[in-house]
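Per-entry structural report
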Amino acid sequence: MAIDCVSTMPHHPTPRDEEQKHLVFDASLLNYHPHIPKQFIWPDHEKPSVTAPQLHVPLIDLRGFLSGDPVAAMEASRLVGEACQHHGFFLVVNHGVDDMLVAHAHAYMDNFFELPLTDKQRAHRKLGEHCGYASSFTGRFSSKLPWKETLSFRYSADKNSSKTVQDYLLHKLGDEFKHFGKVYQDYCEAMSKLSLAIMELLAMSLGVRRSHFREFFEENESIMRLNYYPPCQKPDLALGTGPHCDPTSLTILHQDRVGGLQVFVDDEWRSISPNLEAFVVNIGDTFKVNTIFISNINPILHNVYSTVASVCFQALANGRYKSCLHRAVVNRHTTRKSLAFFLCPKGDKVVAPPTELVDANNPRVYPDFTWPMLLEFTQKHYRADMNTLEVFSNWVQHSHI
Ligand SMILES: C=C1C[C@]23C[C@H]1CC[C@H]2[C@]1(C)CCC[C@@](C)(C(=O)O)[C@H]1[C@@H]3C(=O)O
Ligand SMILES: O=C(O)CCC(=O)C(=O)O
Ligand SMILES: [Fe+2]
């Protein structure tokens with residue numbers, strides 16, 4: 001069943017859906033055709049623009065903060081707050097993640113995605129599930145197919161849980177992937193640790209107790225996504241990843257040296273240039289909903305940071321947080337890769353605003369929900385885009401879930 005938008009009526013497969021299921025995205029073959037299948041051609045208003053001027057994203061050095069320097073921590077949280085006021089993206093360097101671990105993660109991506117399609121499909125991602133191998137989501141969507149292959153798996157920070165990443169990859173791909181699984185297990189553990197540190201900076205930038213969000217995400221159950229974008233013979237007609245806000249809480253992304261990440265800022269698409277030493281960080285819908293909970297803005301920081309909370313709150317009160325909208329473009333000659341770690345709260349955590357923030361002038365913006373509810377919505381009912389949270393909240397309020 002292919003989904004493109006919320007449909008309350010059950011989807012009865014049509015002949016096109018049947019044909020769609022048999023469209024196989026094997027870039028190694030597709031690349032020899034002068035044209036691309038129509039399902040990969042995006043509407044004119046969403047086609048990549050010829051130019052995308054570079055966006056100068058704040059580059060935040062975490063060395064001092066991570067070594068416990070309180071002045072450096074304040075400065076880093078100030079820069080984070082400024083970025084959140086404008087477009088929700090920032091870069092972090094001296095982040096404490098071993099650069100050899102990052103290099104191995106990229107190398108193992110090449111090994112996996114260069115396998116024959118039949119080998120990759122041993123980890124085939126089933127419809128409605130978010131883990132596994134998918135090539136361009138043929139069979140999942142009926143149009144605007146992304147020009148990419150992905151491998152996604154779940155990471156659990158729960159101390160009691162086993163090595164979820166390593167176990168999953170070993171189970172799905174076989175014993176010869178034992179070290180592959182170890183590298184991504186270590187990578188996800190490093191990402192989780194960095195995410196929790198960044199959550200401290202976000203808490204400080206919003207004037208709340210420094211451990212507020214760290215505690216919320218301590219036992220996170222997150223998603224690791226490997227994005228592999230083969231060269232495309234019509235890069236002006238296709239998109240690697242369509243325009244969207246991440247429905248998750250925080251994204252830590254490492255893009256390779258090819259470049260292709262674009263952010264929609266001040267009504268135009270701007271590119272974020274590759275920087276192998278840095279991770280690109282952006283907040284997602286679930287965190288943005290969290291930020292409206294800021295009731296006890298620290299009076300000392302109030303005048304400095306309350307604008308961040310008000311921007312977040314104001315943006316959410318309008319139902320649209322215009323920042324954090326991004327996409328990935330492809331190119332004619334070079335494969336591009338990105339590793340995206342999506343921080344998500346433990347499944348039983350309820351995302352809901354405290355009553356202090358809700359009054360006659362500030363009515364509830366979103367209903368209570370848990371991340372598994374929003375995840376299921378994006379996997380079974382709605383293709384995540386820039387309106388996910390708004391459509392999801394209507395969906396929940398009409399008791400679809
Ligand atoms: C929860 C998720 C759904 C997606 C992967 C994570 C966070 C980002 C989402 C996504 C990348 C947003 C654009 C559309 C999407 C279908 C994609 O192009 O991959 C989304 C992911 C997904 O639903 O698989
Ligand atoms: O590949 C990229 O640079 C962006 C990918 C992305 O936005 C995503 O996977 O959510
Ligand atoms: Fe994204």
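Structure: above.
The model shown is predicted, which means the values in this text are computed figures rather than measured ones. (Residues numbered from 1 in each chain as written. Chains lettered and ligands numbered in written order. Predicted model: local features only at pLDDT ≥ 70, side-chain atom pairs only at ≥ 80, totals over all residues. Heavy atoms only, no water.)

Let's shift gears to the site of ligand 1. Around ligand 1 sit 16 residues, and of these Arg125, Arg140, Lys148, Arg225 and Gln379 come closest. Between an oxygen atom of ligand 1 and a side-chain N or O atom of arginine 225, the distance comes to 2.7 Å. At 3.1 Å from an oxygen atom of ligand 1 is found a side-chain nitrogen or oxygen belonging to glutamine 379. Judged by the proximity of its atoms to the pocket grid, ligand 1 belongs to the largest pocket. Looking at the shell around ligand 1, the elements with two or more residues in it are strand S6 (241–244) and helix H12 (371–381). Tallied by class, the residues present in the shell around ligand 1 amount to seven nonpolar, four polar and five charged. (Near = heavy atom within 4 Å. Polar contact = N/O pair within 3.5 Å; in protein donor to acceptor, adjacent residues only side chain to side chain. 1 Å grid on protein atoms, 1.4 Å probe; cavity = no way out; pocket = protein on both sides within 12 Å on 5 of 7 lines; lining within 4 Å. Sits in = over half its atoms within 2 Å of the grid points. Helix = DSSP H or I, 4+ residues; strand = E, 2+ residues; numbered from the N terminus. Nonpolar A, V, L, I, M, F, W, Y, C, P; charged D, E, K, R; others polar.)

On to the pattern of salt bridges. Under the counting rule described, the total for this entry stands at 16 salt bridges. If you follow the salt bridges from partner to partner, you end up with Glu75, Arg78 and Glu82 in one network. (Salt bridge = Lys/Arg side-chain N within 4 Å of Asp/Glu carboxyl O.)

Right, let's get into the nonpolar core. Counting 93 residues, the largest nonpolar core has Leu151, Phe153 and Tyr184 as its most contacted members. When residues of this core are assigned to their parent elements, the largest contribution, 16 residues, is made by helix H8 (residues 178–205). With residues near it in sequence (within four places) discarded, leucine 151 still touches Phe112, Phe113, Ala123, Gly132, Tyr133, Leu169, Phe180, Met224, Arg225 and Leu226. Core analysis: the next-biggest nonpolar cluster, separate from the first, contains 15 residues, Phe25, Phe40, Leu145 and Trp147 among them. (Core = buried A, V, L, I, M, F, W, Y, C linked by side-chain atoms within 4.5 Å. Buried < 20%, exposed > 50% of the residue type's maximum accessible area, 1.4 Å probe, protein only. Contact = heavy atoms within 4.5 Å.)

Attention now goes to the packing of helix H7 (residues 164–173) against H8. Where H7 contacts H8, the axes come no closer than 8 Å and their chain directions differ by 155°. Taken together, the axis directions place H7 and H8 in an arrangement best described as roughly antiparallel. Two packed elements cross with a definite hand, and for H7 against H8 that hand is right-handed. Residues Thr164, Val165, Gln166, Leu169, Leu170 and Leu173 of H7 form the contact with H8, whose own contacting residues are Lys178, Phe180, Gly181, Lys182, Tyr184, Gln185 and Cys188. (Axes fitted to C-alpha atoms, helices over the stretch in contact; angles between N-to-C directions. Parallel < 35°, antiparallel > 145°, perpendicular 65-115°, else oblique. Left-handed = near helix turned anticlockwise from the far one by under 90°.)

In this section: the environment of leucine 239. Mapped onto the secondary structure, leucine 239 falls in the loop between strand S5 (221–229) and S6. Here the alpha-carbon distance between leucine 239 and lysine 144, two residues 95 residues apart in the chain, equals 8.1 Å. Excluding its chain neighbours within four sequence positions, the residues that come into contact with leucine 239 are Trp42, Glu46, Pro48, Leu145, Pro146, Trp147, Arg327, Ala328 and Val329.

Once that is clear, we can look at the packing of aromatic side chains. Inspection of every chain in the model, using the stated rule, returns 19 aromatic pairs. Between phenylalanine 180 and tyrosine 184, the ring centres sit 4.9 Å apart and the planes meet at 65°, which makes this aromatic pair edge-to-face. Placement of the pair is phenylalanine 180 and tyrosine 184 together in helix H8, with a separation of four residues, close to one helical turn. By the burial criterion, phenylalanine 180 is buried, and tyrosine 184 matches it. Here a set of aromatic residues connected by ring pairs shows up, and it is made of Tyr108, Phe112, Phe113, Tyr133, Phe153, Phe177, Phe180, Tyr184 and Tyr228. In this arrangement the basic side chain of arginine 327 is found over the ring face of tryptophan 269, its NZ or CZ atom lying 4.1 Å from the centre. Residue placement shows arginine 383 over the ring face of phenylalanine 141; its charged tip is 4.1 Å from the ring centre. (Phe/Tyr/Trp six-rings, centres within 6.5 Å; stacked < 30°, edge-to-face > 60°. Lys NZ or Arg CZ within 6 Å of the ring centre and 35° of its normal.)

Once that is clear, we can look at the pairing of strand S2 (residues 89–93). Counting buried positions along S2 yields five of five residues, so the element is predominantly enclosed. Burial along S2 is two-sided: Phe89, Leu91 and Val93 and Phe90 and Val92, pointing in opposite directions, are all buried. Sheet analysis places strand S1 (residues 59–61) next to S2, joined by three bridges and oriented parallel. Of the residues in S2, the one forming a bridge with isoleucine 60 is valine 92. (Pairing = 2+ DSSP bridges.)

Around ligand 2, the surrounding shell consists of Asn227, Tyr229, His244, Asp246, Leu253, Leu261, His326, Ala328, Arg336, Ser338 and Phe342. Note that an oxygen atom of ligand 2 is positioned 2.6 Å from one of the side-chain N or O atoms of tyrosine 229. Here arginine 336 contributes a side-chain N or O atom positioned 2.6 Å from an oxygen atom of ligand 2. Out of a free accessible area of 300 Å², ligand 2 has 96% covered by protein chains. (Areas by Shrake-Rupley, 256 points an atom, 1.4 Å probe, with all protein chains shown as cover.)

This paragraph deals with the environment of arginine 257. Note that arginine 257 resides in the loop between strand S7 (250–255) and strand S8 (261–265). Separated by 134 residues in sequence, arginine 257 and valine 391 have C-alpha atoms that sit 35 Å apart. Here arginine 257 is in contact with Pro274 and Leu276, once residues within four sequence places are set aside.

Let's shift gears to the sheet that holds strand S9 (residues 268–271). Sheets are built from strands paired through backbone hydrogen bonds, the pairs being either parallel or antiparallel. Read across the sheet, four strands follow the order S6-S11-S8-S9 without closing on themselves; strand pairing throughout is antiparallel. Every interior strand has two partners, whereas the edge strands, S6 and S9, have only one. In this sheet, neighbouring strand axes are inclined to one another by 25° on average, regardless of whether the strands run parallel or antiparallel. Across two bridges, the pairing between S6 and strand S11 (residues 326–328) is antiparallel. Residue pairing for S11: threonine 241 is matched across the bridge by alanine 328.

The next thing to look at is the packing of helix H4 (residues 70–86) against H8. Contact geometry for H4 and H8: axes closest at 8 Å, N-to-C directions at 75°. One way to sum up the angle between H4 and H8 is to call them roughly perpendicular. Across the interface between the two elements, Ala73, Met74, Ala76, Ser77, Val80, Gly81 and Cys84 from H4 touch Leu201, Leu202, Met204 and Ser205 from H8. Within the contact of H4 with H8, the residues separate by chemical class into eight nonpolar, three polar and no charged.

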